[in-house]
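Observations on the three-dimensional arrangement
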Amino acid sequence: MINHIWGLLHHPDREWRSINSEGETISHLYTHHVLWLAAIPVISAYIGTTQVGWTLGGEKAVQVSMLDGLWLGIMFYVLIIGAVGFVGGVIHWMARHLPERPDLQQCVVFAGYIATPMFLSGLFALYPIAWLCFLAVVSGVCYTGYLLYIGTPSFLGISRKQGFILSSTTLGIGVLVLEALLAIVVLLWSMGSDYSLVWMYMK
């Protein structure tokens with residue numbers, strides 16, 4: 001797992017070929033990559049929101065209780081894991097008209113690895129200031145897009161033209177999924193405080 005992370009950051013084109021040659025299964029991807037890396041933003045957010053407190057910058061930090069943080073973290077973790085499978089399914093669906101359509105397993109494995117920068121950017125949630133987390137997410141999205149454009153043709157076995165079209169669509173849908181996920185996360189991690197939008201409408 002560590003070798004693939006370094007390879008995707010340092011020499012992605014060569015690393016995609018290496019990953020593709022392994023013929024990895026979905027279960028292996030999750031147990032050796034996704035489940036571990038998805039824990040980075042979850043644990044970071046848990047520590048950041050319970051020990052430091054989240055803030056929009058310049059305002060008083062709002063902390064979440066450890067008990068609330070625990071079950072919110074579990075929900076966050078499940079959402080992330082589900083999002084990887086969803087994006088993989090989207091890639092498989094969009095490739096349905098390709099002459100050599102990659103199977104669902106290839107697409108989910110591909111989605112799991114392109115999410116690596118997003119997982120790593122979750123480290124910034126240790127200090128949950130809105131602008132800092134925003135910059136981290138933008139950086140993660142940019143590098144994820146780069147991995148997507150580099151890896152789509154070689155990993156999915158399609159032409160560069162087909163790869164460009166597929167990766168552009170995938171990136172667009174992926175950003176929408178990310179925005180939805182972030183919106184849910186913001187609502188979840190703000191729960192348990194007087195500033196929570198959720199509690200505001202439930203009172």
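Here the structure is a predicted model, which is why all the values come from computation and not from measurement.

About the thresholds
- Along each chain, residue indices are assigned from 1 in the same order as the chain's sequence is written.
- In keeping with the model being predicted, local features are shown solely for residues with a pLDDT of at least 70 and side-chain atom pairs are shown and tallied solely at 80 or more, while totals for entire chains, interfaces and linings include all residues.
- Here the side-chain values reflect all heavy atoms present in the structure, with hydrogen atoms and water set aside.
- What is meant by a nonpolar core is a set of buried Ala, Val, Leu, Ile, Met, Phe, Trp, Tyr and Cys residues, joined one to another through side-chain atoms within 4.5 Å.
- Relative accessibility thresholds used throughout: buried, under 20% of the residue-type maximum; exposed, over 50%; partly exposed, between the two (1.4 Å probe, protein chains only).
- Helix and strand labels come from DSSP, where a helix needs a run of H or I of at least four residues and a strand needs a run of E of at least two; each type is numbered from the N terminus.
- When checking whether two residues touch, look at their non-hydrogen atoms; a contact exists if any pair is within 4.5 Å.
- A pair of Phe, Tyr and Trp rings is counted when the ring centres sit within 6.5 Å of each other, with Trp represented by its six-membered ring. The angle between the planes then sorts it: under 30 degrees is stacked, over 60 is edge-to-face, the rest tilted.
- UniProt positions are given in the numbering used here, feature names are shortened, and annotations may be inferred rather than shown by experiment.
- Here a salt bridge means any side-chain nitrogen of Lys or Arg lying within 4 Å of a carboxyl oxygen belonging to Asp or Glu.
- To estimate how far a helix should extend, the number of its residues minus one is multiplied by 1.5 Å.
- An axis is simply a line fitted to the C-alpha atoms; with a helix, the fit covers only the stretch in contact. Between two such axes, the angle follows the N-to-C directions and lies from 0 to 180 degrees.
- An angle below 35 degrees is treated as roughly parallel, one above 145 as roughly antiparallel, one from 65 to 115 as roughly perpendicular, and anything else as oblique.
- Note on convention: the crossing is left-handed when the near helix lies turned anticlockwise from the far helix by less than a right angle, right-handed when the turn is clockwise.

If you look at the biggest cluster of nonpolar residues, it comprises 38 residues, and the most contacted ones within it are Trp-16, Ile-91, Phe-110, Phe-119 and Leu-166. The dominant element in this core, judged by the number of residues it contributes, is helix 5 (residues 66-94), at eight residues. Excluding its chain neighbours within four sequence positions, the residues that come into contact with Phe-119 are Val-34, Leu-37, Ala-38, Ile-40, Pro-41, Ile-80, Val-84 and Gly-112.

Right, let's get into the packing of aromatic side chains. When we look at a pair of aromatic rings, we describe it by the centre distance and by the angle of the planes. Under the defined criterion, the tally for this structure stands at two aromatic pairs. The interplanar angle of 45° and the centroid separation of 5.0 Å between the aromatic rings of Trp-16 and Phe-110 together place this pair among those described as tilted. With Trp-16 in helix 2 (residues 12-22) and Phe-110 in helix 6 (residues 104-114), the pair connects residues that are 94 residues apart, well separated along the chain. You'll find Trp-16 and Phe-110 in the same group, each marked buried.

Mapped onto the fold, Leu-171 is located in helix 9 (residues 160-190). When the C-alpha atoms of Leu-171 and Tyr-149 are compared, they prove to be 9.1 Å apart, with 22 residues separating the residues in sequence. Aside from chain neighbours lying at most four places away, what touches Leu-171 is Gly-145, Leu-148 and Tyr-149.

Attention now goes to the UniProt feature "transmembrane region" (unreviewed entry) in the chain. The UniProt feature table records "transmembrane region" (unreviewed entry) at residues 34-54, 74-95, 107-123, 129-151 and 163-191. Along residues 34-54 the backbone is 86% helical and 0% strand, and the end-to-end C-alpha distance reaches 26 Å. The span residues 129-151 shows a helical share of 96% and a strand share of 0%, and its end C-alpha atoms are spaced 32 Å apart.

Next up on the list: the pattern of salt bridges. Two side chains with opposite charge may pair up if their charged atoms get near one another. In this structure the tally under the stated criterion is one salt bridge. Note that Arg-17 is salt-bridged to Asp-13, the shortest N-O span being 3.3 Å. One end of the pair is Arg-17 and the other is Asp-13, both in helix 2 and four residues apart, which spans about a single turn. For Arg-17, a relative accessible area of 47% corresponds to the partly exposed category. When its relative accessible area of 32% is taken as the criterion, Asp-13 is described as partly exposed.

Spanning 14 residues, helix 4 (residues 39-52) covers 19 Å between terminal C-alpha atoms, matching the ideal 20 Å at 1.5 Å per step. Among all positions of helix 4, only Ala-39, Ile-40, Pro-41, Val-42, Ser-44, Ala-45, Gly-48, Thr-49 and Thr-50 are buried. Gly-53, located one to two residues past helix 4, shows a positive phi value of around 100°.

Describing two packed helices takes the angle between their axes plus the distance from one axis to the other. Packing of helix 3 (residues 26-37) against helix 5 brings their axes to within 10 Å, and their N-to-C directions diverge by 125°. As the angle between them shows, helix 3 and helix 5 are arranged oblique. Judged by the sense of rotation from one axis to the other, the crossing of helix 3 with helix 5 is right-handed. Along the contact surface, helix 3 presents Tyr-30, Val-34 and Leu-35, while helix 5 presents Tyr-77, Ile-81, Val-84 and Gly-85.

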